[in-house]
Amino acid sequence: MGWLANYRWLSSLAKQQLPEVDHGKRAATKAELKVAKRLRKTPGVLKVHHAVRLSKIEGGKSRREVDLIVVMQDRIVLIEVKNFNGTISMDEDGVLHQNGKSRRWTFAKLDDASKRLKDTMHLTGIRLGDAEIHSVLLFQGRGEVENTVSTGGRLLDAHVAKSMDELLAILERPLGDDAKMNELQLGAIKAFFARCGTWDEIEANNGATMDGDLRTSPMIEGWRKVYRKMQFFNQ
């Protein structure tokens, strides 16, 4: 880059329009990673996956992201982490509210992720046997969770944890010796999640991030399989 082009580029920095930093999203991601770090040190936890996206087996561009997926000897646990402050409630339709404002989240999202996981595993030949897939809504932060927050009509495979201690207590409940998966099953599950991937993420030079699918092309699909991080520069 010549000195004149370099000068113009430096001058343009003052005028550039960058996306605003989403501090709430940044705090939420930090909370998710903190929970993941704690879970990786928990006895009985074999693997913790962060920000896994699950596709529909019918195809299309529909994606469902799960904050954390925990693999244990007898179950797979899908965890939605909410880093909320203030008063947290749930209306009669099962929609989560924070300080009276809808957060547009229901257990149906975890139900859908669980179904996608079961369907795709079945399609790829993974049989869980008596092992189960559970879902947990975990609250972090300083929020006060009201009794209206519940799993609704879901019985044994869905849970609400108001603290990290409650989450650990849920994971410690044994399902029985028959539910334990063998090494062949666990190896197939490990390979399965390695192929699920996460969203693409672009970080601007002010720290703001944008995620989603960058684009679909054979070249970029190849990048996703080989590289964990990449950087792009304007010329």
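Every chain's residues receive numbers from 1 upward, in the order its sequence appears when written. Local features in this predicted model are restricted to residues of pLDDT 70 or higher, and side-chain atom pairs are both shown and tallied only at a pLDDT of 80 or more, whereas totals for entire chains, interfaces and linings draw on every residue. To obtain the side-chain values, all non-hydrogen atoms of the structure were used and water was disregarded.

### Examining helix H2 (residues 23-40)
Logical step 1: Taking 1.5 Å of rise per residue, 18 residues should cover 26 Å, and H2 covers 26 Å from first to last C-alpha, within 8% of that figure.
Logical step 2: Residue contacts are counted whenever heavy atoms from the two residues lie within 4.5 Å of one another. Strands here are runs of E lasting at least two residues and helices are runs of H or I lasting at least four, both read from the DSSP assignment and numbered beginning at the N terminus. Elements in contact with the buried residues of H2: strand E1 (45-55), strand E2 (63-72), strand E3 (75-83), strand E7 (132-140) and helix H4 (164-172).
Logical step 3: We call two N or O atoms a polar contact when they sit within 3.5 Å, provided that within protein one can donate a hydrogen and the other can accept it, with sequence-adjacent residues counted only if both atoms are side-chain atoms. The N-cap residue of H2 is Asp22: its side-chain oxygen and the backbone nitrogen of Gly24 are 3.2 Å apart. Take the residue count of a helix, subtract one, and multiply by 1.5 Å to get its expected span.

### Re the pattern of salt bridges
Logical step 1: One speaks of a salt bridge when a side-chain nitrogen belonging to Lys or Arg is within 4 Å of a carboxyl oxygen belonging to Asp or Glu. Under the defined criterion, the tally for this structure stands at eight salt bridges.
Logical step 2: Notably, a salt bridge pairs Asp211 with Lys25, separated by 3.1 Å at the nearest N-O pair. Taken together, the residues Asp211 in strand E11 (residues 209-212) and Lys25 in helix H2 connect sequence positions 186 residues apart.
Logical step 3: Relative accessible area serves as the criterion here: at 42%, Asp211 is assigned to the partly exposed category.
Logical step 4: Burial status follows relative accessibility: with a 1.4 Å probe on protein chains alone, a residue under 20% of its type maximum counts as buried, one over 50% as exposed, and anything between as partly exposed. A residue is classified by how much of its surface remains accessible, and Lys25, at 27% relative accessible area, is partly exposed.
Logical step 5: Residue Asp119 pairs with Lys115 through a salt bridge whose shortest N-O separation is 2.7 Å.

### Considering the nonpolar core
Logical step 1: Among the buried residues, those of types Ala, Val, Leu, Ile, Met, Phe, Trp, Tyr and Cys that are joined through side-chain atoms within 4.5 Å form a nonpolar core. If you look at the biggest cluster of nonpolar residues, it comprises 33 residues, and the most contacted ones within it are Ile76 and Phe193.
Logical step 2: Secondary structure elements with two or more residues in this core: E1, E2, E3, strand E4 (87-90), helix H3 (108-123), E7, strand E9 (158-161) and helix H5 (183-196).
Logical step 3: Top element by residues in this core is H5. It accounts for five residues.
Logical step 4: Apart from the residues lying within four places of it in its own chain, the contact partners of Ile76 are Ile69, Val70, Leu117, Met121, Leu128, Glu132, Ile133, His134, Ile189 and Phe193.

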